[in-house]
Amino acid sequence: MGRDWFDRSDAAALAPPQRLCFFFNAQIHQLFHALPVAIELSRDPAFAVDVMAATDDHLALARDIAATRGAGPIRFLRCGGRWLDALAGLTGGTIPPKLAVLLAARGKLVDYDAIVVPERTSLLLKRLGLSRTRFIHTCHGAGDRAVGYDRRIARFDFVLLAGEKQRRRMLDEGLIREGHYAITGYSKFDLTGPKSDRQRLFAQDRPVILYNPHFSPRLSSWPAMGEDVIRQFAQDDRFNLIVAPHIRLFDNRRRRAAMERRLADIGRLPHVHIDLGSRASIDMRYVHMASLYLGDVSSQIYEYLARPRPCLFLNGHRADWQEDRSYGHWRYGPVLESAQGIADAAADAIASHTAYAEAQRQGVARTFDALGDALGDAASVRAARALTHYLARSQSVARPALDGLPRLERAAHV
């Protein structure tokens with residue numbers, strides 16, 4: 001971050017570090033949206049950074065990423081006990097129910113100066129006794145759907161935004177206020193750049209189709225046409241196909257196992273790779289491999305379009321989408337009403353990409369602020385800097401009574 005504790009004031013240098021918890025109460029993919037900021041802040045002695053999560057899988061991935069990124073001191077904490085694992089086993093989910101996790105974590109979280117989360121359910125902690133703790137939202141994804149502009153965002157003390165699109169819409173809807181947000185770019189990109197050492201998935205060098213259906217039954221192409229799409233590509237050797245749905249589509253272990261068995265024969269084909277929820281499905285490696293994105297409403301489309309390429313969208317839920325800004329990304333490629341002839345449609349979408357390239361570039365520019373890239377600052381560095389300034393400001397406002405105390409006594413109280 002370029003911060004040095006010698007640069008801080010005497011009072012700040014004498015004060016104990018502020019305690020920050022990066023809390024993960026949802027599926028494991030959300031780690032990528034907040035952990036980069038935790039890593040950056042861990043290098044600053046003004047903060048004591050903890051990462052707390054509901055499962056060992058979360059903590060294993062967080063430790064791996066922190067180690068490879070040269071993080072400073074971070075404590076990795078498991079909230080709750082094995083009873084949470086047992087509860088997840090009963091429900092079949094990859095994570096325990098969120099409310100149970102919040103109840104288990106509440107006692108540990110009460111002592112933090114600030115809690116950073118990429119989801120909104122954790123705001124319930126304010127009603128469970130954490131009314132004085134500052135809650136900071138990193139968002140998770142930067143898509144167009146209304147769910148990304150949840151009314152609960154207005155209850156956060158500070159919000160980190162990816163770009164101007166989010167800022168404008170959240171201001172319009174009264175979700176953020178001046179002095180309590182910052183545009184810092186998309187921190188996930190700091191962890192998910194293309195790597196040349198990633199294993200090759202396919203023996204034949206063909207265009208790679210990434211099929212990424214959403215999890216919501218009301219919005220996803222999967223219920224109406226998902227298996228049909230896969231089987232058509234399985235019978236066509238012009239493309240390599242990666243099937244990597246949103247991780248929540250098969251978040252239930254039993255449903256995932258049943259679908260893996262159902263698609264096993266297709267998954268053994270040399271030009272088809274099916275991944276219903278591994279670590280590879282969330283770290284953008286498939287996004288970087290793809291020649292064409294095939295999907296519906298997932299915000300992952302913008303992660304893919306950070307490098308503009310062909311897209312093809314499936315309107316499996318019969319949406320009247322043309323005037324709906326929640327479907328703004330459907331202007332970046334052809335939209336199909338059925339899966340009939342999907343392989344030919346993919347070939348046409350690749351051939352016609354130039355017709356959509358400029359719209360894609362403009363959409364990405366609105367979605368992801370690139371100022372930091374131009375200045376050489378990663379998004380996580382900008383986010384950490386914004387949080388440092390906000391937390392210093394809010395701490396001084398919250399504790400004005402300490403200003404008149406002698407320096408050593410003041411430090412003892414902070």
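One can find the structure itself at the top, above this paragraph.
What comes next concerns the included structure.

About the cut-offs
- Residues numbered from 1 in each chain as written.
- Predicted model: local features only at pLDDT ≥ 70, side-chain atom pairs only at ≥ 80, totals over all residues.
- Heavy atoms only, no water.
- Pairing = 2+ DSSP bridges.
- Helix = DSSP H or I, 4+ residues; strand = E, 2+ residues; numbered from the N terminus.
- Contact = heavy atoms within 4.5 Å.
- Axes fitted to C-alpha atoms, helices over the stretch in contact; angles between N-to-C directions.
- Phe/Tyr/Trp six-rings, centres within 6.5 Å; stacked < 30°, edge-to-face > 60°.
- Buried < 20%, exposed > 50% of the residue type's maximum accessible area, 1.4 Å probe, protein only.
- Core = buried A, V, L, I, M, F, W, Y, C linked by side-chain atoms within 4.5 Å.

**With respect to the sheet that holds strand S9 (residues 240–243)**
Step number 1: Spatial strand order, S10-S9-S8-S11-S12-S13: 6 strands in an open sheet with parallel pairing. Each edge of the open sheet carries a strand with a single partner, namely strand S10 (272–274) and strand S13 (335–336).
Step number 2: Summarising the sheet, strand S8 (residues 208–212) and strand S11 (residues 292–295) pair through 4 bridges and their orientation is parallel. Among the inter-strand pairings, Ile 209 is bridged to a residue of S11, identified as Leu 292.
Step number 3: Across the face of the sheet, helix H12 (residues 342–351) comes into contact with S8, S11, strand S12 (311–314) and S13 while running at roughly 140 degrees to S12.

**Observations concerning the packing of aromatic side chains**
Step number 1: In the structure shown here, the tally under the stated rule is 12 aromatic pairs.
Step number 2: Seen in terms of ring centroids, Tyr 186 and Phe 368 are 4.7 Å apart; in terms of plane orientation they differ by 50 degrees. Their pairing is tilted. One end of the pair, Tyr 186, is in the loop between strand S7 (181–183) and S8; the other, Phe 368, is in the loop between helix H13 (354–367) and helix H14 (371–375), and 182 residues separate them in sequence. The residues Tyr 186 and Phe 368 share a single accessibility class, namely buried.
Step number 3: An angle of 85 degrees between the planes, with centres 5.9 Å apart, marks the rings of Tyr 302 and Tyr 332 as edge-to-face. Pair noted here: Tyr 302 is in helix H11 (residues 300–305) and Tyr 332 is in the loop between S12 and S13, with a separation of 30 residues, a long-range link.
Step number 4: Tyr 302 sits in the buried class, given a relative accessible area of 2%.
Step number 5: Taking relative accessible area as the criterion, Tyr 332 reaches 4% and is therefore assigned buried.
Step number 6: Aromatic rings pair up to connect Phe 313, Trp 321, Tyr 327 and Trp 330 into one cluster.

**As for the nonpolar core**
Soluble globular proteins: nonpolar side chains tend toward being buried together.
Step number 1: With 39 residues, the main nonpolar core has Phe 22, Leu 41, Val 51 and Phe 158 as its most contacted residues.
Step number 2: Elements with a contribution of two residues or more to this core: strand S1 (18–24), helix H2 (35–41), strand S2 (47–53), helix H3 (56–68), strand S3 (74–78), strand S4 (114–117), strand S6 (158–161) and helix H15 (379–398).
Step number 3: At 6 residues, the largest contribution of residues to this core is made by H15.
Step number 4: Apart from residues no more than four positions distant in its own chain, Phe 22 is found in contact with Ala 34, Val 37, Ala 38, Leu 41, Val 49, Asp 50, Val 51, Met 52 and Val 116.

**Quick look at the sheet that holds S6**
Step number 1: Read from one edge to the other, the open sheet built from 7 strands follows the order S3-S2-S1-S4-S5-S6-S7, with strand pairing classed as parallel. What marks the edges here is a single partner per strand, and that holds for S3 and S7. On average, adjacent strands in this sheet sit at an angle of 20 degrees to one another, irrespective of strand direction.
Step number 2: Both S6 and S7 contribute to a ladder of 3 bridges, which runs parallel. Residue pairing for S7: Val 159 is matched across the bridge by Tyr 181.
Step number 3: Contacting S1, S2 and S3, H3 runs over the sheet at an angle of about 170 degrees to S3.
Step number 4: Packed onto the sheet, helix H5 (residues 98–109) meets S1, S2, S3 and S4 and runs at close to 170 degrees relative to S1.

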